[in-house]
Amino acid sequence: MAQKKRIGIMGGTFNPIHQGHLILAEQAREYCGLDEVLFIPSGNSYMKPSDEILDGKTRISMTALAIEDNPYFALSTMEVEREGATYTCDTIRELKGLNPSIEYFFIMGADAFFIFEKWKNYNEILANCILVVESRDEKDTSQLKEKAANLQKKYQAEIIVLPERKIDLSSTEIRNRLKNGESVRYMIPDKVLSYIQKNRLYYIR
Ligand code: ATP
Ligand code: MG
C-alpha cells in the first residue's frame, strides 16, 4: 500500500510573516518527512485584538510572496474566506473532510503549545493530527518536553518536539521596529519588505 501523504499545517496570523515562521516550517518538513507544508493565514482571531491586525487579503499577499520559491510550501486562504472567528478545529475538520486519507501535522511554536488546552475542541485536533512543536524562548525546552509527555499520556496524543532551535523573532517585534523606523532587513524576506514599503503598511510613511 502506498504511504499516506503527509501534510504540515502552519497556521498563524502572519502579521507579517517572518523568517521564524519560514524556518519553523522548513525544519518541520525535513524532520517529519512532510510532502508539503500548507500555510494558512488566520481570519479574525478571537485571541488577539483586531485593530493591529492587517486584513486577510494583505496578510495572504505577504505570505504568498514569502513562500513562492519553496516548492514544498503552499498557501490556503480557507481561514480568511471563512465567515466569523478562526478556529483550528474547523480548519482541520474541513481538510480531513476533503481528503480523509492524508496524515496531517499541525506545526506550532512553544507559546501556542503551552496554551493548547485553551483551544476550542483541542481534543478533536489531537485526534486528527500529530502536533509538531518548536521551542521559542530561553526557558521553554525542558518545560516543552514535559508538557508534551504530559499531553501524550493524558490524551494519547501524538506530539513531536523538534530539535531545539530558538529563533528570537516575532511579528510584534517586526511591527514595532517598522513603527520606529528601524531595520527589519533579513528578519523578513526581501520581497515581503518591499511589499510593506510599497503599500506603506505598519506605519511606513
Ligand atoms: P505576534 O507577535 O503578532 O503574536 P508571532 O511572531 O507570534 O506574531 P504568529 O503568527 O502569532 O507569529 O505565529 C504563528 C505560529 O508560528 C505560532 O505557532 C507561533 O508559535 C509560531 N512562531 C512564530 N514565531 C516563531 C519563532 N520565532 N520560533 C518558533 N515558532 C514561532
Ligand atoms: Mg504569536
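Residues numbered from 1 in each chain as written. Chains lettered and ligands numbered in written order. Predicted model: local features only at pLDDT ≥ 70, side-chain atom pairs only at ≥ 80, totals over all residues. Heavy atoms only, no water.

S.K.: Got a minute to help me understand the overall build of the chain in this structure?
M.R.: A tally of helices and strands in the chain yields 9 helices and 6 strands. Its C-alpha atoms give the chain a radius of gyration of 17 Å, within 12% of the compact-globule value 17 Å for 205 residues. Overall, the C-alpha framework of the chain stretches about 55 × 40 × 30 Å when taken along its three principal axes. For the chain, buried positions account for 48% of its 205 residues. Within the chain, contacts between residues separated by at least 24 positions form 76% of all contacts whose residues are at least 6 apart in sequence. Carbon together with sulfur atoms contributes 47% to the accessible area of the chain, which is approximately 10900 Å² in total. (Helix = DSSP H or I, 4+ residues; strand = E, 2+ residues; numbered from the N terminus. Rg over C-alpha atoms; globule rule 2.2 N^0.38 Å. Buried < 20%, exposed > 50% of the residue type's maximum accessible area, 1.4 Å probe, protein only. Contact = heavy atoms within 4.5 Å. Areas by Shrake-Rupley, 256 points an atom, 1.4 Å probe, with all protein chains shown as cover.)

S.K.: Explain the packing of aromatic side chains to me, please; I cannot follow it from the model alone.
M.R.: Given two aromatic rings, their pairing is described by the distance between the two centres and the angle made by the two planes. For the structure on display, the rule yields 7 aromatic pairs. With a centroid separation of 5.9 Å and 45° between ring planes, the pair formed by Phe14 and Phe39 is classed as tilted. Of the two residues, Phe14 is situated in the loop between strand E1 (6–12) and helix H1 (19–32) and Phe39 in strand E2 (residues 36–41); the sequence distance between them amounts to 25 residues. A single burial state applies to Phe14 and to Phe39, both of which are buried. Ring centres 5.8 Å apart and planes at 90° place the aromatic pair Phe106 and Trp119 in the edge-to-face group. Of the two residues, Phe106 is situated in strand E4 (residues 103–109) and Trp119 in the loop between helix H5 (110–114) and helix H6 (122–128); the sequence distance between them amounts to 13 residues. You can call Phe106 buried: its relative accessible area is 5%. Among the aromatic side chains, those forming a connected cluster through ring pairs are Phe106, Phe116, Trp119, Tyr122 and Tyr155. Arg29 extends its terminal NZ or CZ atom over the ring of Tyr72, reaching a point 3.9 Å from the ring centre. (Phe/Tyr/Trp six-rings, centres within 6.5 Å; stacked < 30°, edge-to-face > 60°. Lys NZ or Arg CZ within 6 Å of the ring centre and 35° of its normal.)

S.K.: I tried to follow the site of ligand 1 on my own but got confused; where do I start?
M.R.: Taken together, 22 residues sit near ligand 1, with His18, Asp111, Ile167, Ser171 and Thr172 positioned nearest. Backbone polar atom of Gly109 to an oxygen atom of ligand 1: 3.0 Å apart, as the coordinates give it. Contacts to ligand 1 include Thr172, whose side-chain N or O atom sits 2.4 Å from an oxygen atom. Taking 600 Å² as the accessible area of ligand 1 by itself, protein coverage stands at 90%. (Near = heavy atom within 4 Å. Polar contact = N/O pair within 3.5 Å; in protein donor to acceptor, adjacent residues only side chain to side chain.)

S.K.: I would appreciate a short explanation of the environment of Asp168 in the present structure.
M.R.: Mapped onto the secondary structure, Asp168 falls in the loop between strand E6 (159–161) and helix H8 (171–179). Using a relative accessible area of 70% as the deciding quantity, one classes Asp168 as exposed.

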